[in-house]
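Listed here are the chains, written in short residue letters.
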Amino acid sequence: MDKTIEHKDYLFKKVYDYVLHRIERNEWKEHEKIPSVRQLASEMNVHRLTVLKAYQLLKKHDKVYVKDKAGYFVQSIETKHLENLNQNNPIVSAYLQKNHLSEIHQSAVSYQFSQALIDPNLLPNHYFSDYVKKVFDLYPKVLATYSTVQGDLELRETLTQYFINQYKTHISADELLITSGSQQAIHLIAQTFIKPRDVVLFERPSYSAAIDIFKAQGAQIVTVDIQPEGYDLQQLELYIQQYKPRLFYLNPTFHNPTGYTVPVEQRKKLVELAEQYRLLLIEDDAYHDIYFDEPPPPPIYTYDSAGTVIYIRSFCKYISPGLRIATVICQSSLMNALLTAKSLADNGSPLLNQKIFLHYFSSLRLQQHLEKIRIALQIRKEIMEEELAITGWQWTSPKGGLNLWVQLPNNFPTELLLSKSFEQNISFVPGQVCDPLKQLSSWIRLSYSYANEKQLKEGLKRFVAVAQSLAK
Ligand SMILES: Cc1ncc(COP(=O)(O)O)c(C=O)c1O
C-alpha cells in the first residue's frame, strides 16, 4: 500500500478518535464549541484538511454540528428515547453489552422471582414420555434424518389449521417456519433484516434478550413507551417519520415485563402505519394463551393484508421449554430470506422434538392443560399481589402473562436490594435490564410463575422485609 495514504489515514483516525473521546467522556459538553480546524491542526501537528475531514465525518455521525461562520459544536444527545450507541463502531459496542439477565439467572436461589418461566411441576412432563415412545414407533428413523429447513410438514400443516380455526385467517403451511424457540426466530430476523446502524423501534421496557440480539447486530434502538393502555401512536408516527426505522419489535399481548396488552383499535392502526411507512412489525406473541379471565385481542398479524407483519408464536412457555418449538408466520419473500438464515443456523430444528410436540399439540390434553395452568397462575399472581400489598408499591395488575412490573419509590436503592435479596436466596429482575436505555432503575420485574404457592408466600415475606429495611 502507498505509505503516504496509510499515514494520512492514520492521522485522520487519530484526530477523529481524539475528538470523539473528548465528547464521549463529556470533557467537551453538549453545544460547546470545539477547537477550530486551524487550532486543532496546529495542536496536533496535522494538516488542516485532515482535521476538516475528521470533523465532517463526526458531523455525519451526529457527534458535532456546524453553525454558519461560528464553527463546530458538540451535538446534544437530545433524544431521551434514542439509545446512546457507539457510532464509531456499533459492532464493538454491541459486544461490550453485558447480558445482566443471564447473570441473574445463573445464581441458584430458593425463591426464584427472576425467571419468566412456568414452574416445571405445572408442565405436562409425564405425557411426554408416552409421546417419545409413540414417536419412535411411528417414525423409527426419526433420528436418522434431518428435518426440512422450514420444519416438519405435518407439524406446519397442523399449526396452519390451528391458526385458521382460531383467527379465520388465510395462511398456508408454506408461510410457516419452525424455529428453535422464539429466541431463535428473533435472532434470525435481526440477522436477516438488520445491518449495523439501522434504526429499530423497541417498546420501553422490553424483553431483554431481544434488546441484546438487536444490539449485537449493530442496530440503533429508538424506544416507544408502552403503557397499560398501549402506545402513544402520534408519538410513534413522529418517530417513524424522523428516524425511518427498519422495523418495530413488539410484544403487544401480556407484554414482558409489564403484562400490558395493546388494545384492538391500536392494533389496526399499527398495521396502517406499518403499511404507510413500509415498516416491518415483528410481533412476538409468546404469552398469547396465558390469560386469566378473558382471551386477549387477536394478534396484530390477523389485521395485516399487505404482508408487513412477521408473527412469532412460541409454545415453549406453557408446553415445554426444553422442546424449543416456536413458529414464525410471514409472507413468502420475507420467508425466503429467513429460510436462508435458518439453513445457515442449524439446517432445521430437530425432527424428534417437532414430532413429540406435534403429538401433544394435536391431543385433547392441551386444552385441559391450558385451563389448569391459567387457574394456577392466576392464584400465584394473586398471592404475589397480596404479599406486596403492604409495601405501597405501584403496579397494574396483569390480565395474563407471568410477571408483575412493579414501581418502587423514586431513588430506591434497587441494586442494593438485589444484592441483599441474593443473600436471602431471592432473585428478581431490576428494571434497568429491561430498558434499552438502561434506566428505569426504580422498577423491578417479579415473576410469579416459577415459584410454588408456599415458596411465593415465604419468599415474598422475606423480600418485603429486606426492602423495608432498606427503605429505613
Ligand atoms: C417476549 C419474549 N419473547 C421470546 C422469549 C423467548 O422464548 P423461547 O423460549 O420461545 O425462546 C421470551 C422468554 O422469556 C419472551 O419473554
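Cut-offs and rules
Residues numbered from 1 in each chain as written. Predicted model: local features only at pLDDT ≥ 70, side-chain atom pairs only at ≥ 80, totals over all residues. Helix = DSSP H or I, 4+ residues; strand = E, 2+ residues; numbered from the N terminus. Rg over C-alpha atoms; globule rule 2.2 N^0.38 Å. Buried ≥ 20, exposed ≤ 12 C-beta atoms within 10 Å, placed from the backbone. Contact = placed C-beta atoms within 7 Å. Pairing = 2+ DSSP bridges. Axes fitted to C-alpha atoms, helices over the stretch in contact; angles between N-to-C directions. Near = placed C-beta within 6 Å. Nonpolar A, V, L, I, M, F, W, Y, C, P; charged D, E, K, R; others polar. Domains from an automatic or database assignment. pLDDT = per-residue confidence, 0-100. Parallel < 35°, antiparallel > 145°, perpendicular 65-115°, else oblique. Left-handed = near helix turned anticlockwise from the far one by under 90°. Core = buried A, V, L, I, M, F, W, Y, C linked by C-beta atoms within 7 Å.

S.K.: What exactly am I supposed to notice about the overall build of the chain here?
M.R.: Looking only at helices and strands, the chain has 16 helices and 14 strands in total. Rg of the C-alpha trace for the chain: 25 Å, near the compact-globule value of 23 Å for 472 residues, within the 12% margin. Expressed along its principal axes, the backbone C-alpha trace of the chain runs to roughly 80 × 60 × 40 Å. Taken over 472 residues, the chain has a buried fraction of 41%. Taking as baseline every contact in the chain between residues at least 6 positions apart, the subset at least 24 positions apart corresponds to 75%.

S.K.: What exactly am I supposed to notice about the sheet that holds strand β6 (residues 220–225) here?
M.R.: Consider a sheet: its strands pair through backbone hydrogen bonds, and that pairing is either parallel or antiparallel. If you walk across this open sheet you meet the seven strands as β4-β10-β9-β8-β7-β5-β6, and the pairing is mixed. Both outer strands of the open sheet, β4 (176–180) and β6, are each paired with one neighbouring strand and no more. Pairs of neighbouring strands in the sheet enclose a mean axial angle of 20°, with direction left out of account. With three bridges connecting them, strand β5 (residues 199–204) and strand β7 (residues 247–250) associate as parallel partners. Each residue of the ladder has a partner; that of V200, found in β7, is L247. The strands that helix α9 (residues 208–216) touches are β5, β6 and β7; relative to β6, the one it contacts most, it runs at about 150°. Each of β4, β9 (309–314) and β10 (325–329) touches helix α12 (residues 332–345); the most contacted strand, β4, lies at about 30° to it.

S.K.: So what exactly am I meant to see when it comes to the site of the ligand here?
M.R.: Around the ligand, the structure places 13 residues, and the nearest of them are G181, S182, Q183, S314 and C316. The greatest single-element share of the shell around the ligand, amounting to three residues, is contributed by helix α8 (residues 181–193). Here the shell around the ligand is composed, by residue class, of six nonpolar, six polar and one charged.

S.K.: Hey, could you run me through unusual backbone geometry in this one?
M.R.: Across the chain, the bulk of peptide bonds are trans and the bulk of non-glycine residues have phi less than zero. Look at the link from R204 to P205: it is a cis peptide, with omega at 0°. For P205, the location among the structural elements is in the loop between β5 and α9. That bond from N256 to P257 is cis: its omega, 10°, falls within 30 degrees of zero. Summarising the element assignment, P257 is placed in the loop between β7 and α11 (264–277). Of note in this structure, K244 is not a glycine but carries a positive phi near 45°. In this fold, K244 is placed in the loop between α10 (233–243) and β7. Judged by local crowding, K244 falls into the exposed class, with 12 C-beta atoms found within 10 Å.

S.K.: Help me out: how do you make sense of the environment of L123 in this one?
M.R.: Here L123 shows up in the loop between β3 (111–112) and α6 (125–138). What makes L123 partly exposed here is the crowd of 19 C-beta atoms within 10 Å. Through-space distance from the C-alpha of L123 to that of I373 is 8.3 Å; in sequence the pair is 250 residues apart.

S.K.: Honestly, the environment of S469 in this entry has me stumped. Any pointers?
M.R.: In this structure, S469 sits in helix α16 (residues 453–471). Between the C-alpha atom of S469 and that of R204, which follows or precedes it by 265 residues, the distance is 30 Å.

S.K.: Can you help me understand the domain arrangement of the chain in this one?
M.R.: Interfaces are often sized by the accessible area lost when the parts come together. When its domains are assigned, the chain resolves into domain 1 (3–74), domain 2 (100–121 + 371–471) and domain 3 (123–365). Using C-alpha coordinates to define each centre, domain 2 is positioned 26 Å away from domain 3. Counting from both sides, the interface comprises 26 residues of domain 2 and, opposite them, 28 residues of domain 3. Counting residues per element, the ones that place at least two in the side of domain 2 that touches domain 3 are α14 (365–388) and β11 (403–407). Looking at the side of domain 2 that touches domain 3 element by element, the count peaks at four residues for α14. Of the residues assigned to the side of domain 2 that touches domain 3, the class counts are 16 nonpolar, six polar and four charged.

S.K.: Honestly, the confidence of the model for the chain in this entry has me stumped. Any pointers?
M.R.: Detail in the predicted coordinates should be disregarded across regions flagged by low pLDDT. Scored by pLDDT, the chain comes out at a mean of 91, with 93% of its residues at no less than 70. Low pLDDT, under 50, characterises residues 1–5; the stretch is placed with one contact to residues that sit more than four places away or in other chains. In this model, residues 85–97 is a region of pLDDT below 50 whose contacts with residues beyond four sequence positions or in other chains number 20 contacts.

S.K.: Before we go on, may I ask you to explain the environment of S206 in this structure?
M.R.: Structurally, the position occupied by S206 is in the loop between β5 and α9. Between the alpha carbons of S206 and A216 there is a distance of 16 Å; along the sequence they are 10 residues apart. In contact with S206, not counting residues within four places along its chain, are I211, C434 and P436.

S.K.: So what exactly am I meant to see when it comes to the packing of helix α2 (residues 37–44) against helix α3 (residues 48–60) here?
M.R.: What describes two packed helices is the angle between their axes and the distance between those same axes. It is at 8 Å that the axes of α2 and α3 come closest, and there the two elements cross at 120°. Considering their axes alone, α2 and α3 lie oblique with respect to each other. Between α2 and α3 the crossing geometry is right-handed. Between α2 and α3, the residues in contact are V37, R38, L40 and A41 and R48, V51, L52 and Y55, respectively.

S.K.: I tried to follow the nonpolar core on my own but got confused; where do I start?
M.R.: Taken as a class, soluble globular proteins show a tendency for nonpolar side chains to be buried jointly. Core analysis: the biggest nonpolar cluster contains 99 residues, and V200, F214, Y249, I282, I310, V328 and F357 have the highest contact counts within it. At six residues, the largest contribution of residues to this core is made by α8. Residue-level mapping places this core at the junction of two domains, with at least three residues from each of domain 2 (100–121 + 371–471) and domain 3 (123–365). Beyond its immediate stretch of four places on either side in the chain, F357 contacts L155, F315, I319, L323 and I325. Formed by 13 residues, the second largest nonpolar core is a distinct cluster that contains V15, A54, L58 and V64.

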